[in-house]
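# Structural features, examined
These are the residues of each chain, in order.
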Amino acid sequence: MKKLLSLLLSGALACSLLAACGGNGGTPATNPPATNPGTAAPAGSNAPAGDGDSLDGTTIKIGATPAPHVEILEVVRDLLAEEGITLDIVEFNDYILPNTAVEDGSLDANYFQHITYMNDFNTENGTHLAAVADVHYEPFGLYAGKTASLDALADGAKIAVPNDTTNEARALLLLEQEGLITLKEGAGITATKADIAENPKNLDIVELEASQVPSRLADVDLAVINGNYALGAGLKVSDALAVESADGAAATAYVNVLTVKEGKENDPAIQALVRALLSDEVKEFITNTYEGAVVAVF
């Protein structure tokens, strides 16, 4: 009898311990708790974004240069906020750090560069950047410095151009378009000063870091300036002495793109960013704000 009583007491104690550890009707709690429906996977993750793929609560960190990119992204930020997505915009003033930050994962995306620059950056730096959306095109302009017109351009005049590979080629093509120089056949979008075949006015081509060209405008006769830096300096494309032809290769070779690291293209948060960036609201903002200095391509 004592043995039977002891067995019954042991069984009761075991059942009590099982209930305290989360058992349900005698079944151990081996299943993980359900996902919070309001919790989204972080940007850059391929994990599910919660029940119904909700992105509510997601933050996307994106790098951009000031004008027009940050300004356009401020419109996008408002659109994404309606979906519960926070767009964290990090402003840069150079063309290198936004790319290295996407490569090392400290940024989810960037929006500042054209496709040709991005491809060259990958080749030269061994990075793995990928374009996920063609957004806009910024016509290069040739602006007056010390010399007010192309007709008044003197022999030996100084013309400033961006010094990075793709943008220098683009500047030289604009000078060729205006009959100021002739490039070697086939030089195209990889042209450098060494590819100038004819220079009848003996123009002095001054190579400068792209962001510095506007601030040096008063020191040179003319300057070829990137659209975004021209905007930042208060220059209007309508004031340019010459503008890159929209019918040429530039509109496709130099389209500005939304960039991520390879493998992140189909991330739900990135796709939400693409939809907002290519929206009618953004297109209307570009058209009404930049007066031809920025042209939407979608």
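The following paragraphs examine the structure supplied in this document. Computed from a predicted structure; not experimentally measured. As a convention, each chain's residues are numbered from 1 in the sequence order in which they are written. Per-residue local features are limited, in this predicted model, to residues with pLDDT of at least 70; the limit for side-chain atom pairs, both in listing and counting, is 80 or more; totals at the level of whole chains, interfaces and linings are taken over all residues. Computation of side-chain values: all heavy atoms of the structure, hydrogens and water removed.

## So, the overall build of the protein
Per the secondary structure count, the protein includes nine helices and 13 strands. Note on exposure labels: buried denotes an accessible area under 20% of the residue type's maximum, exposed denotes more than 50%, and partly exposed covers the range between, all computed with a 1.4 Å probe on protein chains only. Put simply, the protein has 298 residues, and 44% of those count as buried. We get accessible surface area from the Shrake-Rupley algorithm with a probe of 1.4 Å; when it comes to residues, only the shown protein chains can shield them. When the accessible surface of the protein is summed, it comes to about 14,500 Å², and 52% of that surface belongs to carbon and sulfur atoms. In DSSP terms, a helix is any run of H or I states spanning at least four residues, a strand is any run of E spanning at least two, and both are numbered starting from the N terminus.

## Some remarks on the nonpolar core
Here, the term nonpolar core denotes a set of buried Ala, Val, Leu, Ile, Met, Phe, Trp, Tyr and Cys residues that are joined through side-chain atoms within 4.5 Å. Ranked by internal contacts, the top residues of the largest apolar core, which has 59 residues, are Ile62, Leu73, Val76, Leu80, Leu87, Leu258 and Leu273. It is helix H8 (residues 268–277) that provides the largest number of residues to this core, a total of seven residues. Discounting residues that sit within four places of it in the chain, Leu258 has contacts with Ile62, Ala109, Asn110, Tyr111, Ala130, Ala131, Val132, Ala133, Val135, Leu273, Val274 and Leu277. Listed in part, the 22 residues of the second largest apolar core include Leu142, Ile159, Val161 and Ala171. By definition, residues are in contact when any of their heavy atoms lie within 4.5 Å.

## Examining the sheet that holds strand S11 (residues 242–243)
Any two strands with at least two DSSP-identified bridges between them are counted as paired. Taken together, five strands build an open sheet; the order of strands is S9-S6-S10-S5-S11 and the sheet is mixed. At either end of the open sheet lies a strand with only one pairing partner, and these are strand S9 (204–208) and S11. Sheet analysis places strand S6 (residues 158–162) next to S9, joined by five bridges and oriented parallel. Within S9, the residue paired with Ile159 across the bridge is Ile205.

## Brief notes about the pairing of S6
Taken across its five residues, S6 has four buried, putting it largely inside the fold. Bridge count between S6 and strand S10 (residues 222–225): two bridges; the pairing is parallel. Among the inter-strand pairings, Ala160 is bridged to a residue of S10, identified as Ala223.

## Here we look at a negative patch on the surface
To count toward a patch, a residue needs a relative accessible area over 30% and no salt bridge; like charges are then connected within 9 Å, while nonpolar side chains (Val, Leu, Ile, Met, Phe, Trp, Tyr) are connected within 5 Å. Salt-bridge detection follows one rule: a side-chain nitrogen of Lys or Arg within 4 Å of a carboxyl oxygen of Asp or Glu. His is not counted, nor are the chain ends, whereas Lys and Arg count as positive and Asp and Glu as negative. Charge positions are represented by NZ for Lys, CZ for Arg, CG for Asp and CD for Glu. Taken together, the side chains of Glu71, Glu74, Asp78, Glu82, Glu83, Glu91, Asp280, Glu281 and Glu284 make up a negatively charged region of the molecular surface. Counting residues per element, the ones that place at least two in the negative patch are helix H2 (66–81) and helix H9 (280–290). Here Glu91 shows up in strand S2 (residues 86–91). By relative accessible area, Glu91 is classed as partly exposed at 48%.

## Examining the pattern of salt bridges
Per the counting criterion, the structure on display carries three salt bridges. As a salt-bridge pair, Glu244 and Arg170 come within 2.6 Å of each other at their nearest N and O atoms. Residue Glu244 is found in the loop between S11 and helix H7 (250–253), and its partner Arg170 is found in helix H5 (residues 165–177); the two are separated by 74 residues along the sequence. Across the pair, Arg170 and Glu244 agree in class, each one buried. A salt bridge links Arg216 to Asp219, with the shortest nitrogen-to-oxygen separation between them at 3.2 Å.

This is a description of form; function is not addressed.
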